Amino acid sequence: MTSPRWTRVLLVVGFLGLAGGVLTARADPATGYEVSVYAATPPAFWVGIIGAATIGTVVALFDRDLGRIAGVGLTGLSTVSFLALPLFRGYYFFGSGDALTHLGWAKQMLGPEFGFFDLIYPGGHSLGVFLSQTMGVPVRWGMMYAMLAMSVLTLLFVPLAVWVVVRDSRAVIIAAFTAMLMLPINNISTHSHFHTYTLTTLYFPFVLYLLFKHLTRDAEDVSLPSWTAATSLVLPIALAANVFYHPQVAVNVLIFMGTVLAVGVAWRRRVRVTQPAAADGGQRHRLILGQVIFLTVLLGVWATQYQQTFTLLNNVYLSAQAFLTTGTGAGQVAAERGGSAQAIGVSLVELFVKLFAVNALYIALAAGLVAALVFGVIQNRSDSDMAVTYIGFSALTLGPFFAVQFIGDVSGYFFRHLGFAMVLVGIVGAIALYHLSDTLQDTIRGRRKAIVAVLTVAVLCLSLAAYFPSPYIYNPSPQSPEQQFVGYDTTFEHRAEGAAVAGIRSGPGRFSDALNDDFDPRLMWTLSGEQFNSAENVTQFRQYSYSEQPFYYLVVSEKDKDRELDAFRSLRYQEADFERITDGANPRISQIHTNGGFDAYYVNQRGYSLEPPEKTTS
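All of the points below concern the structure found in this document. None of the values given here were measured: they were computed from a predicted structure.

Conventions we followed
- Residues numbered from 1 in each chain as written.
- Predicted model: local features only at pLDDT ≥ 70, side-chain atom pairs only at ≥ 80, totals over all residues.
- Heavy atoms only, no water.
- Helix = DSSP H or I, 4+ residues; strand = E, 2+ residues; numbered from the N terminus.
- Buried < 20%, exposed > 50% of the residue type's maximum accessible area, 1.4 Å probe, protein only.
- Contact = heavy atoms within 4.5 Å.
- 1 Å grid on protein atoms, 1.4 Å probe; cavity = no way out; pocket = protein on both sides within 12 Å on 5 of 7 lines; lining within 4 Å.
- Points joined across faces, edges and corners; volume = space filled by probe spheres on them.
- Nonpolar A, V, L, I, M, F, W, Y, C, P; charged D, E, K, R; others polar.
- Phe/Tyr/Trp six-rings, centres within 6.5 Å; stacked < 30°, edge-to-face > 60°.
- Salt bridge = Lys/Arg side-chain N within 4 Å of Asp/Glu carboxyl O.

## Considering the side chain of Glu564
Reasoning step 1: If you trace the backbone, Glu564 turns up in helix α23 (residues 558–567).
Reasoning step 2: On the basis of relative accessibility, which here comes to 0%, the residue Glu564 falls in the buried class.
Reasoning step 3: Look past the residues within four positions of Glu564 in its chain and what remains in contact with it is Arg505, Arg569, Ser570, Leu571, Arg572, Tyr573 and Phe578.

## Quick word on empty space enclosed by the protein
Reasoning step 1: The final tally for this structure, using the stated rule, is three cavities of 30 Å³ or more.
Reasoning step 2: Size it by volume and the largest cavity reaches roughly 160 Å³.
Reasoning step 3: Taken together, 15 residues form the lining of the largest cavity, with Leu83, Met144, Met147, Leu148 and Ser192 sitting closest to its centre.
Reasoning step 4: Those elements that place two or more of their residues in the lining of the largest cavity are α5 (85–88) and α8 (139–165).
Reasoning step 5: Of all the elements, α8 adds the most residues to the lining of the largest cavity, at five residues.
Reasoning step 6: Here the residues of the lining of the largest cavity are counted per class, giving 12 nonpolar, three polar and no charged.
Reasoning step 7: Estimated volume of the second largest cavity: approximately 110 Å³.
Reasoning step 8: Forming the boundary of the second largest cavity are 15 residues, of which Ile185, Leu355, Asn359, Ser463 and Ala466 lie nearest the centre.
Reasoning step 9: Of all the secondary structure elements, the ones that give two or more residues to the lining of the second largest cavity are α16 (348–374) and α19 (447–464).
Reasoning step 10: With seven residues, the single largest contributor to the lining of the second largest cavity is α16.
Reasoning step 11: Among the residues forming the lining of the second largest cavity, the class breakdown is 11 nonpolar, three polar and one charged.

## Quick look at the packing of aromatic side chains
Aromatic rings considered in pairs are described by the distance between their centres and by the relative angle of their planes.
Reasoning step 1: All chains considered together, the criterion is met by 42 aromatic pairs.
Reasoning step 2: Here the aromatic rings of Phe157 and Tyr209 are separated by 5.2 Å at their centres, their planes lie at 55°, and the arrangement is tilted. A residue pair is termed long-range when its members are at least 10 positions apart, and Phe157 in helix α8 and Tyr209 in helix α10 (residues 196–215) qualify at 52 residues. Across the pair, Tyr209 and Phe157 agree in class, each one buried.
Reasoning step 3: Where Tyr488 meets Phe492, the ring centres are 5.7 Å apart and the plane angle is 40°; that geometry is what we call tilted. Linking Tyr488 with Phe492, this pair stays in helix α20 (residues 482–494), spanning four residues, or about one helical turn.

## Describing the side chain of Ser477
Reasoning step 1: The topology assignment puts Ser477 in the loop between α19 and α20.
Reasoning step 2: Relative accessible area serves as the criterion here: at 2%, Ser477 is assigned to the buried category.
Reasoning step 3: Once you skip the residues sitting within four places of it in the chain, Ser477 turns out to touch Tyr33, Glu34, Val35, Phe94, Pro469 and Lys559.

## Structural notes on the layout of surface pockets
One simple way to see leftover space: roll a probe sized like a water molecule over the atoms.
Reasoning step 1: In this structure, the second largest pocket spans a volume of roughly 980 Å³.
Reasoning step 2: Along its surface, the second largest pocket is lined by 26 residues, and Leu61, Ile174, Ser437, Val452 and Thr456 are the ones closest to its centre.
Reasoning step 3: At the level of secondary structure, the elements contributing two or more residues to the lining of the second largest pocket comprise α3 (43–62), α9 (169–180), α16, α18 (412–440) and α19.
Reasoning step 4: For the lining of the second largest pocket, the element with the most residues is α19, which contributes six residues.
Reasoning step 5: Within the lining of the second largest pocket, the residues separate by chemical class into 17 nonpolar, five polar and four charged.

## Section: the environment of Phe206
Reasoning step 1: Topologically, Phe206 is positioned in helix α10.
Reasoning step 2: When residues no more than four places from it in sequence are discounted, the contact partners of Phe206 are Leu153, Phe157 and Ala238.

## Looking at unusual backbone geometry
Reasoning step 1: At Asp65, a residue that is not glycine, the phi angle is positive and equals roughly 55°.
Reasoning step 2: Structurally, the position occupied by Asp65 is in helix α4 (residues 65–83).
Reasoning step 3: Its relative accessible area of 53% is what places Asp65 among the exposed residues.
Reasoning step 4: Even without being glycine, Asn187 reaches a positive phi, approximately 60°.
Reasoning step 5: With respect to the secondary-structure elements, Asn187 resides in the loop between α9 and α10.
Reasoning step 6: By relative accessible area, Asn187 is classed as buried at 4%.

## Concerning the pattern of salt bridges
Reasoning step 1: Scanning the model with the defined rule gives 10 salt bridges in all.
Reasoning step 2: Between Glu34 and Arg89 there is a salt bridge; the shortest N-O distance is 2.9 Å. One end of the pair, Glu34, is in the loop between α1 (5–26) and α2 (37–40); the other, Arg89, is in the loop between α5 and α6 (98–108), with 55 residues separating them in the sequence.
Reasoning step 3: Across the pair Arg510 and Asp98 runs a salt bridge whose closest N-O atoms are separated by 2.6 Å. Here Asp98 lies in helix α6 and Arg510 lies in helix α21 (residues 509–514), a separation of 412 residues in the sequence.
Reasoning step 4: Asp98 gets classed as partly exposed once you look at its relative accessible area, which sits at 34%.

See below:
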């Protein structure tokens, strides 16, 4: 009741506007594929959540105590509503590529023949299955809820982790807004749909919170020895879950924790030498020797059971070797994306701004704070300084490890690790903003607070505009509509024995995984490049010689067309290429099945040579 009347009125308007926006989105479910969830969602939703986020930010800046908490909560709920948009819009499944394969594995977990130990990273799948069975929804939605749950975990535990080391509500508010930016998602190797590495990265702030609680001797319990606490006993459980969610992230966590342990030991020795009379003997922070040993043993035992571990290590080794030998191959994924962008008339600067502008801002803030500590600008020896020191030193250990994976065929892994690093950068960046606001708080009053509120919402919108893939970042939505599932299921069920099925750019393999269809991979073809630039090439196309049938099935979905023409701006295929297939002018191509969003064609190759492609001409 100490809040000004105008802020209470604004909060009521904000919460009502948010509720109205969400109800509007739910009242207009998707009926097919949407290349952009932003464009397809009713404008009332955007008015509701952007208005609510703006009101929440203004109240958080101008109000105090409970009013400030309510303002942050309103903006946070607006962010959660945005993250849950695929669920509000009733998407059949939000995910493509790897996500479809993961869906198939999760569905198999409900049966007796496929279980927890059959996957190297079963944690996310188990969570999805658990949520689906608990909530009474299909597994595909359970996996979507799993990603949403981990996103909410990030929103909660980034500010809580900062609270452990900076006991100031302003720091927590800044960290809360930082978490809302969803910095770990870059849509190159970390994604908004179900992706086990991304899911584990979003889980990491919880581990970081428990780690900070242990290090700072917070939550002391007189019934336990001084070297441990209640949160210290929970931390190994959280670390074990980290391994099961994704061992590759667990390696990053292990390197980070090993660095924290080394810094802690070095600090204790330094204090004993330079300040022998110090009351705490350099033991203000606990060590994490037991946790590091536990994680090392568990990770080693778990990961070495699976061939994927040795395959990854071999790929990294071969890529590094090739780079050292030839000097080429660095940043292959970045080069390919950059080349594709330039091919459609998009500058690299524009692409960088859309994907990484906010990340770069936080990297600069974090680097500035670390430099301030190194050069003695900040010298109050608080818990926050030690946390920044730990994270700063981890850059010296994680940095080279990440850099090795920026070369050769594994350069896509670098952008995975960049997503993980942005969790740590976000923590340090939030602390840096806190110190900056502490310095400028006397000058930021009245109208200047309003300007800060506008800038905050603008940065939030800039970051979240690239959260979902869309033509805005020249990527299609990963939505997989029901028409595709039904269409592929029908095609697989009724295809002639031994006949191949071909897809545009990507073959039917992922849907074969999602539907758990027993389909010979040699019969799953991919039409890409010049093979699809004319109907004649399609009729003569042979990807594998294994098929002895003088025909194959070609599937063309609405998603294929929107992806190529809208998201990729006709980079590889023109509208005329699709028309050559659909206009029915070629007697060798006959439509055999359609459901409005998925078309299947019979491609007659009788009279053509069935020899392997390298022995034929087209």
